[in-house]
Amino acid sequence: MKRALISVSDKTGVVEFARELVSLGWELLSTSGTMRMLKEAGLPVTSVSDVTGFPEICDGRVKTLHPKIHGALLARRDIPDHMRQLEENGIGTIDIVCVNLYPFRETIAKPDVTMEDAIEHIDIGGPSMVRSAAKNWESVTIVVNPEDYATVISELKANGQTSLETRLQLSAKAYTHTAEYDMAISTWMRAQAGLPEKLFLEYDICQPLRYGENPHQDAKFFKTPTEVPYSLATAEQLNGKELSYNNIQDANAALNIVREFKDKPFAVGLKHMNPCGAGVGETIAEAWTKAYEGDKTSIFGGIVAFNREVDLKTAEMLKPIFLEIVMAPSFAPDALELLCSKKNLRVLKVKMDGDVTKQMACVSVNGGLLVQNQDLSICPLSLDQCVTKAKPTEEQMKDLEFTWKMVKHVKSNAIVVGCGGMLLGVGAGQMNRVGSAEIALKQASAASLDEVASAGKDSERSDAGSLRGTPLNPPRGCRGVEEGIGDAGAKALALVLASDAFFPFDDCVTLAAEYGVKAIVQPGGSIRDEDSIKKCDELGIAMLFTGERHFKH
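Residues numbered from 1 in each chain as written. Predicted model: local features only at pLDDT ≥ 70, side-chain atom pairs only at ≥ 80, totals over all residues. Heavy atoms only, no water.

## Digging into the overall build of the protein chain
The line we're drawing: Helix and strand assignments follow DSSP, with helices taken as H or I runs no shorter than four residues and strands as E runs no shorter than two, numbered in order from the N terminus. Any pair of residues with heavy atoms lying within 4.5 Å of one another is described as a contacting pair. Here the accessible surface of atoms and residues is derived via Shrake-Rupley with a 1.4 Å probe, and residues count as covered only by protein chains that are part of the display. Note that His is not counted, nor are the chain ends; the positive residues are Lys and Arg, and the negative ones are Asp and Glu. Working definition for charges: the position is that of NZ of Lys, CZ of Arg, CG of Asp or CD of Glu.
The helix and strand tally for the protein chain stands at 20 helices and 20 strands. Over its C-alpha atoms, taken along the principal directions, the protein chain stretches across nearly 105 × 55 × 45 Å. A separation threshold of at least 6 residues defines the contact pool for the protein chain, and within that pool the share at least 24 residues apart is 56%. Accessible area of the protein chain: about 26,600 Å², with a carbon and sulfur share of 51%. With 60 positive and 74 negative side-chain charges, the protein chain shows a separation of 2 Å between the mean positions of the two kinds.

## What about helix α12 (residues 284-294)?
For an α-helix the count is 3.6 residues per turn, leaving residues at separations of three or four pointing the same way. Let me state the cut-off plainly: Residue burial is assigned from relative accessible area. The probe radius is 1.4 Å, only protein chains are included, and a residue is buried under 20% of its type maximum, exposed over 50%, and partly exposed in between.
Counting buried residues in α12 gives 10 out of 11 residues, a clear majority hidden from the surface. Taken residue by residue, α12 has I284, A285, E286, A287, W288, T289, K290, A291, E293 and G294 as its buried positions.

## Points about the sheet that holds strand β5 (residues 141-143)
Formally: Think of it this way: DSSP has to see at least two bridges between two strands before they count as a pair.
Spatial strand order, β3-β2-β1-β4-β5: 5 strands in an open sheet with parallel pairing. Edge strands, defined here as strands with exactly one partner in the open sheet, are β3 (46-47) and β5.

## Observations concerning the packing of helix α1 (residues 14-23) against helix α9 (residues 149-159)
Packed helix pairs are specified by the crossing angle of their axes together with the interaxial distance, meaning the distance between the axes. Quick reminder of the rule: Here an angle of 0 to 180 degrees is reported between the N-to-C directions of two axes, which are lines fitted to C-alpha atoms, with helices fitted over the stretch in contact. Should an angle lie under 35 degrees it is considered roughly parallel, over 145 roughly antiparallel, and from 65 to 115 roughly perpendicular; all remaining angles are considered oblique.
Between α1 and α9, the least distance of the axes is 10 Å, while the angle of their chain directions is 10 degrees. Judged by the inter-axis angle, α1 sits roughly parallel to α9. Mapping the contact onto sequence places V14, F17, E20 and L21 in α1 and Y149, V152, I153, L156 and K157 in α9.

## Topic: the packing of aromatic side chains
Rule in force here: When the centres of two rings from Phe, Tyr and Trp lie within 6.5 Å, Trp using its six-membered ring, the rings pair. Their planes under 30 degrees apart give stacked, over 60 give edge-to-face, and anything left gives tilted.
Per the stated rule, a full pass over the model turns up 8 aromatic pairs. Relative to F266, the ring of F261 lies with its centre 3.9 Å away and its plane at 10 degrees, an arrangement referred to as stacked. The exposure classification of F261 matches that of F266, with both residues buried. The interplanar angle of 25 degrees and the centroid separation of 5.8 Å between the aromatic rings of W288 and Y292 together place this pair among those described as stacked. Within this pair, W288 and its partner Y292 are both found in helix α12, separated by 4 residues, close to a single helical turn. On the basis of relative accessible area, Y292 is assigned to the partly exposed category, the value being 23%. Here the aromatic cluster, defined as three or more aromatic residues joined through ring pairs, consists of F104, Y181 and W188.

## Observations regarding the pairing of strand β20 (residues 542-545)
In plain terms, the rule: Crossovers are marked right-handed if the path from the first strand over the helix to the second runs clockwise, as seen with the strands pointing away from the viewer.
Alternating residues of β20 divide into A542 and L544 and M543 and F545, and every residue in both groups is buried. Bridge analysis of strand β19 (residues 517-522) against β20 gives 4 bridges, and the strand direction is parallel. Across the sheet, residue I520 finds its bridge partner in β20, namely M543. Read from β19 through helix α20 (residues 529-539) to β20, the crossover connection turns out right-handed.

## Considering a nonpolar patch on the surface
Inclusion rule: Each patch is built from residues lacking any salt bridge and having more than 30% relative accessible area; the joining distance is 9 Å for like charges and 5 Å for nonpolar side chains (Val, Leu, Ile, Met, Phe, Trp, Tyr). A pairing counts as a salt bridge when a side-chain nitrogen of Lys or Arg comes within 4 Å of a carboxyl oxygen of Asp or Glu.
Residues L199, L201, Y203, I205, F222, M360, L369 and V371 make up a contiguous nonpolar surface patch of about 670 Å² in total accessible area. When you line up the elements, L199 lands in the loop between α10 (164-193) and β6 (204-209).

## Things to note about unusual backbone geometry
Here the amide bond leading from S412 into N413 is cis, since omega sits at -10 degrees, within 30 degrees of zero. The phi dihedral of Y230 falls on the positive side, at around 55 degrees, and the residue is not glycine. Mapped onto the secondary structure, Y230 falls in the loop between β7 (219-223) and β8 (236-239). You can call Y230 buried: its relative accessible area is 6%. Despite not being glycine, H272 shows a phi value in the positive range, around 50 degrees. Summarising the element assignment, H272 is placed in the loop between β9 (266-271) and β10 (274-280).

## Some thoughts on the nonpolar core
Going by this rule: Throughout, nonpolar core names a set of buried Ala, Val, Leu, Ile, Met, Phe, Trp, Tyr and Cys residues whose side chains join them through atoms within 4.5 Å.
Among the nonpolar cores identified, the biggest contains 51 residues, and L21, L28, I69, I94, V97, F104 and I142 are the most heavily contacted of them. Counting residues per element, this core draws most heavily on α10, which supplies 6 residues. Excluding anything up to four places from it in sequence, F104 contacts A118, H121, I122, Y181, A184, I185 and W188. By size, the runner-up hydrophobic cluster in this structure holds 49 residues, among which are V258, C379, L423 and A542.

## Looking at the confidence of the model for the protein chain
Defined as follows: Scored from 0 to 100, pLDDT reflects the predictor's confidence in each residue.
Across the protein chain, the average pLDDT comes to 89, with 92% of residues at 70 or higher. Under a pLDDT of 50 for its full length, residues 458-492 has, in the predicted model, 61 contacts with residues more than four places off or in other chains.

## A short note on the environment of S298
Going by this rule: Any pair of nitrogen or oxygen atoms within 3.5 Å is treated as a polar contact; in protein, a donor-acceptor pairing is required on top of that, and neighbouring residues in sequence qualify only through side-chain atoms on both sides.
In this fold, S298 is placed in the loop between α12 and β11 (302-306). Judged by its relative accessible area of 27%, S298 is partly exposed. Taking the C-alpha atoms as reference, S298 lies 36 Å from G367; in sequence the two are 69 residues apart. For S298, the contacting residues outside a window of four places in its chain are K271 and C276. A distance of 2.7 Å separates the side chain of S298 from the side chain of D295, its partner in a polar contact.

## What about the pattern of salt bridges?
Evaluation of the coordinates by the stated rule reveals 19 salt bridges. Close ionic contact of E438 with K442 constitutes a salt bridge, the shortest N to O distance being 3.2 Å. With E438 and K442 both in helix α16 (residues 433-445), this residue pair falls 4 residues apart, about one helical turn. Given the relative accessible area of 35%, E438 is considered partly exposed. A relative accessible area of 44% means that K442 is categorised as partly exposed. Connected through shared salt-bridge partners, D81, R84 and E88 make up one network.

## Remarks on the side chain of R3
Topologically, R3 is positioned in strand β1 (residues 3-7). One buried charged side chain, R3, makes no salt bridge at all; its nearest oppositely charged neighbour is E27, positioned 4.7 Å away. Within the local environment of R3, its side chain forms a polar contact with the backbone oxygen of G92, the two atoms lying 2.4 Å apart. Polar contacts involving the side chain of R3 include one to the main-chain carbonyl oxygen of T93, which spans 3.1 Å.

## Notes on the packing of helix α8 (residues 125-135) against α10
Keep this limit in mind: By definition, turning the near helix anticlockwise from the far helix through less than a right angle yields a left-handed crossing, and turning it clockwise yields a right-handed one. Residue polarity follows a fixed list, in which Ala, Val, Leu, Ile, Met, Phe, Trp, Tyr, Cys and Pro are nonpolar, Asp, Glu, Lys and Arg are charged, and the others, Gly among them, are polar.
In the contact formed by α8 and α10, the axes pass within 9 Å of each other and the chain directions differ by 150 degrees. Classified by the interaxial angle, the pair formed by α8 and α10 is roughly antiparallel. By crossing handedness, the relation of α8 to α10 is classed as left-handed. Contacts from P127, V130, R131, A134 and K135 in α8 reach S171, A174, Y175, T178 and Y181 in α10. Taken together, the residues of the contact of α8 with α10 sort by class into 6 nonpolar, 2 polar and 2 charged.

Take a look at the structure:
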């Protein structure tokens, strides 16, 4: 009679697996807790101690470390001398090993874990049996994952044994299982001992990609073993072509921006890792209108992400635009049907709730790896941070908060300009800060009042509607009352500007004033901060210092 040794911590499906083995004529061997469960299920099972002739000792630390177990696993069936030695020592073969290990990771994840508790959850006999069985895969079937029970039973029923191919695959999985286990133990123990850190990275293949950034580059997409929010690795693709390397990079950047906005409906359009439009609104349709009106040109072929369910009204506005990807936590059925009518449009449902604080950001460099925590910080803004004589209005504070969240996701040097919960200008990745400011401000000035009014028609800024067709904040213009626009219109046109790092000179302030900027938020910290403050005071601009930098390289 063939024998199977079953000793598992994860007991999912193990009784059903054991019952199938018994029905096929296999003898079951087991230890302590697993044996008790199998007996309670009415299955015949033999204690490992009865096989070895030796009791479990040292509180169960020693139970399977015995020649009658490991000889039964390691003996090669094709070497007569091995089989003779088994017979001389009264050792029968074991042909299936079903083992998974003590829950070490779950134990050390507890906030109050003690060294003693962690040590007692380091498995010794389990990994030894797994490795012995895996080494002798040509003769022994090793099963460490309940997901493989069905395959093993199916092959046993069909052929009386598992195939050589299956045993090799199961062996590889077993070594992965023990490697991951040892990595977790090593990382934790080194930390307790104060030894220099070693970084073990654990990722599973998500999908091979057609190519990388360019067609001549090979690429694959890997995912973390545990599910995290705002992740493309676990997103549900509802329509469209397979994601490309560049799609994944851009979409991930868009999701990181969406992560900043929870309180109100938000939409962002993104190209080449930088936002090209974004908006908050009372509805998701209003948010999208603001995002689109901010830069109708750049969104062509871009990626769009929402923090709320996409409804039919929003889908109807999205459909005529050429987009690569639309992402949201959910889609109304009629909205999804409409978007899916565009066969190449990638529509992704992305989980957007859960803890994001434990994720690392890794960047490969030649011969090494840079690792940091993700930039999840965002300094709340308040009037206490104002360093100028002029103070921002309530509406300007809202826009400062909006642009401050946006600028941290723009490539440094980064400047963004906004108004009315709407992104109007983006200056990204320039070699000097005033260059980024000039790009952002020129882009903002190219917008029209008609666009701002139509984008915000559901908001409180309806006064801007009387100004349709007038250039928005032209260079050296937009002084509101002086231009005959009126107080309400001037208020509606008050641009704000955010910078990811400090101003080294006052040139950005001077330039911002020429385009009608009324409030600025920046980290501060330059040895020439006073120059910028003085210039703001001369020009009547409010400025906040956050003390928090957001470089994005």
